[in-house]
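# Per-entry structural report
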Amino acid sequence: MMEAATQEKITSVINEKFEGEIIEAGMVKDFFTLIVKKEKIVDIIRHLYNHSETKFQYLTTMFAVHYPDQNQIAMVYQLHNLATNQRVRLKIFLPADNPTTPTLTTVFSAANWMEREAYDFYGVISEGHPNLKRILNVEDMLIFPMRKEYPLEDQTREDKNDLMFGR
Amino acid sequence: MEAVSSQISVSEKPDGLEGQGFFATRLDKVVGLARKNSIWPLPFATSCCGIEFMATMGAHYDLARFGSERLSFSPRQADLLMVMGTIAKKMGPVLRQVYEQMAEPRWVLSVGACASSGGIFDTYSVLQGIDRIIPVDVYVPGCPPRPEQIIDGVMKIQYLVENESLRRRDSAEYKAMLNKYGIE
């Protein structure tokens, strides 16, 4: 559980340079989570990286989430300060029709493969990425399979019909 | 010495004419007999079926009893491609290239539900059966199959190897079958 003073410190570090960018801040389970506006996300993360009070200099992970009801795709960034062992999660929302966000590789080299993964499975385009192509799936795949608009099962099968599975 | 040799079983000789100092039989019977008992398998093991295959090769089940103890880790010297495990769609072209690199005559044994049909992985990333990209001779069901079942599959391959016509691989039907898979 992160102390209130630490949460306050993180939000004030963001607010001193990026006033009004935070949409929502609070604990999700036991993880301090900030929902921020999408435009300045890279600058905010760079600020948290450089600022002497926060020093979030390790990118634990980043990934996408599809919210089909809101027609939005969220990008989630999890940062870690290894010196003080504090973590923070930043979340931005992108329209599912055109999920485009600037690349984070300018701050963290580790973002390279993670952004390729987000592109591979969700179609999130990281502008300025040095090598934005599919990372895990076959390159001639036409869909972004982890979006909830696609059925999980392979649609090219003809031998598995509903009758055989009692559906 | 006498006791050991009496424990060794020797293959039945094929039908033929026998007399003093000669034995005449059909060439394809002799070739089939030789091939059957010296199949070099190429293990293409990707998951848990591969673990069962390790048990099959171990001392307890011992595939050497069927003349297949010499695994070939190059497709160019292999007779039998044993596909054991889930084949992702991204692995498909690799498997196909391995098959294409094998010299004729070649056989394919598909071990387990995943290799045969995709198994439980009915999903966008998994090949729904290797017979979508290469021809398969024998399927072994199971998830994973026990070593006895794998041996049963190898024995069925042995039956095919023994009884295959020497001209089958030159036939128009065989070429048409390969063409259906887009090979040659």
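Just so you know, these numbers come straight off a predicted model, no measurement behind them. (Residues numbered from 1 in each chain as written. Chains lettered and ligands numbered in written order. Predicted model: local features only at pLDDT ≥ 70, side-chain atom pairs only at ≥ 80, totals over all residues.)

### What to know about the overall build of chain A
Assigned secondary structure in chain A consists of three helices and seven strands. Seen in sequence order, chain A has helices and strands lined up from the N terminus as α-β-β-α-β-β-β-β-α-β. Seen through its principal axes, chain A has C-alpha atoms that stretch 60 × 35 × 30 Å. Relative to its full complement of 167 residues, chain A shows a buried share of 23%. (Helix = DSSP H or I, 4+ residues; strand = E, 2+ residues; numbered from the N terminus. Buried ≥ 20, exposed ≤ 12 C-beta atoms within 10 Å, placed from the backbone.)

### Observations regarding the sheet that holds strand S2 (residues 31-36) of chain A
All names here are of chain A. Taken in spatial order, the five strands line up as S1-S2-S5-S4-S3 in an open sheet, and their pairing is mixed. One side of each edge strand has no neighbouring strand; the edge strands of this open sheet are strand S1 (22-28) and strand S3 (58-67). Strand-to-strand twist in this sheet, taken as the mean axis angle between neighbours without regard to direction, amounts to 20°. By the bridge criterion, nine bridges tie S3 to strand S4 (residues 72-81) in an arrangement that is antiparallel. Opposite Val65, over in S4, you have Ala74 as the bridge partner. Helix-sheet contacts for helix H1 (residues 4-17) involve S1, S2 and strand S5 (86-95), and the interaxial angle to S1 is about 160°. Relative to the sheet, helix H3 (residues 111-122) contacts S3 and S4, its axis offset from that of S3 by approximately 10°. (Pairing = 2+ DSSP bridges. Axes fitted to C-alpha atoms, helices over the stretch in contact; angles between N-to-C directions. Contact = placed C-beta atoms within 7 Å.)

### Looking at the nonpolar core
Core analysis: the largest hydrophobic core is formed by 33 residues, its most contacted members being B:Leu80, B:Leu81, B:Met82, B:Val83, B:Leu109 and B:Val111. Taken together, the elements giving at least two residues each to this core come down to strand S3 (41-45), helix H3 (48-57), strand S4 (80-84), helix H4 (92-101), strand S5 (107-111), helix H5 (112-117), strand S6 (138-140) and helix H6 (147-163) of chain B. In terms of residue count, the dominant contributor to this core is S4(B) (five residues). Excluding its chain neighbours within four sequence positions, the residues that come into contact with B:Leu109 are B:Leu80, B:Met82, B:Asp137, B:Val138, B:Val140, B:Gly153, B:Val154 and B:Ile157. In terms of nonpolar packing, the next biggest core, distinct from the first, is built from 30 residues, A:Ala64, A:Ile73, A:Leu90 and A:Leu104 among them. (Core = buried A, V, L, I, M, F, W, Y, C linked by C-beta atoms within 7 Å.)

### A look at the interface of chain B and chain A
Taken together, the contacts link seven residues of chain B with eight residues of chain A. When its residues are assigned to classes, the side of chain B that touches chain A shows one nonpolar, three polar and three charged. (Nonpolar A, V, L, I, M, F, W, Y, C, P; charged D, E, K, R; others polar.)

### As for the sheet that holds S4(B)
Residue and element names in this part refer to chain B. Spatially, four strands are ordered S3-S4-S5-S6 in an open sheet, and the strand pairing comes out parallel. Of all the strands in the sheet, the pair left with one neighbour each is S3 and S6. Adjacent strand axes in the sheet meet at a mean angle of 15° when their direction is disregarded. As paired strands, S3 and S4 are joined by five bridges and run parallel to one another.

### So, the packing of helix H2 (residues 27-36) of chain B against H6(B)
Residues and elements named next belong to chain B. Two elements in contact, H2 and H6, have axes whose closest approach is 7 Å; the angle formed by their N-to-C orientations is 155°. Here H6 runs roughly antiparallel to H2, going by the angle between their axes. Every pair of crossing elements has a handedness; the one defined by H2 and H6 is right-handed. Here Gly32, Leu33, Arg35 and Lys36 of H2 lie close against H6, whose contacting residues are Gln158, Val161, Glu162 and Asn163. In terms of residue class, the contact of H2 with H6 is made up of two nonpolar, three polar and three charged. (Parallel < 35°, antiparallel > 145°, perpendicular 65-115°, else oblique. Left-handed = near helix turned anticlockwise from the far one by under 90°.)

### A few points about the confidence of the model for chain B
When the pLDDT values of chain B are averaged, the result is 91; 97% of them are 70 or greater. Across the interfaces of the predicted complex, the ipTM metric reaches 0.75, alongside a pTM of 0.83. (pLDDT = per-residue confidence, 0-100.)

### Quick word on the environment of B:Arg106
Residue and element names in this part refer to chain B. Looking at the secondary structure, you find Arg106 in the loop between H4 and S5. Distance in space between the C-alpha atoms of Arg106 and Ala55 is 24 Å, their sequence separation being 51 residues. Setting aside residues up to four positions removed in sequence, Arg106 forms contacts with Asp79 and Leu81.

### Quick word on unusual backbone geometry
Omega for the peptide link from B:Glu104 to B:Pro105 comes to -5°, which places this bond in the cis form. Turning to its location among the elements, B:Pro105 is positioned in the loop between H4 and S5. In the segment running from B:Cys143 into B:Pro144, the intervening peptide bond is cis, with an omega of -10°. By secondary structure assignment, the location of B:Pro144 is in the loop between S6 and H6. Its identity is not glycine, yet A:Asn85 carries a phi of approximately 55°, on the positive side. According to the C-beta neighbour criterion, A:Asn85 is exposed, with 7 such atoms within 10 Å. Not every positive phi belongs to a glycine, and B:Asp62 is a case in point at roughly 60°. Its location among the elements puts B:Asp62 in the loop between H3 and S4.

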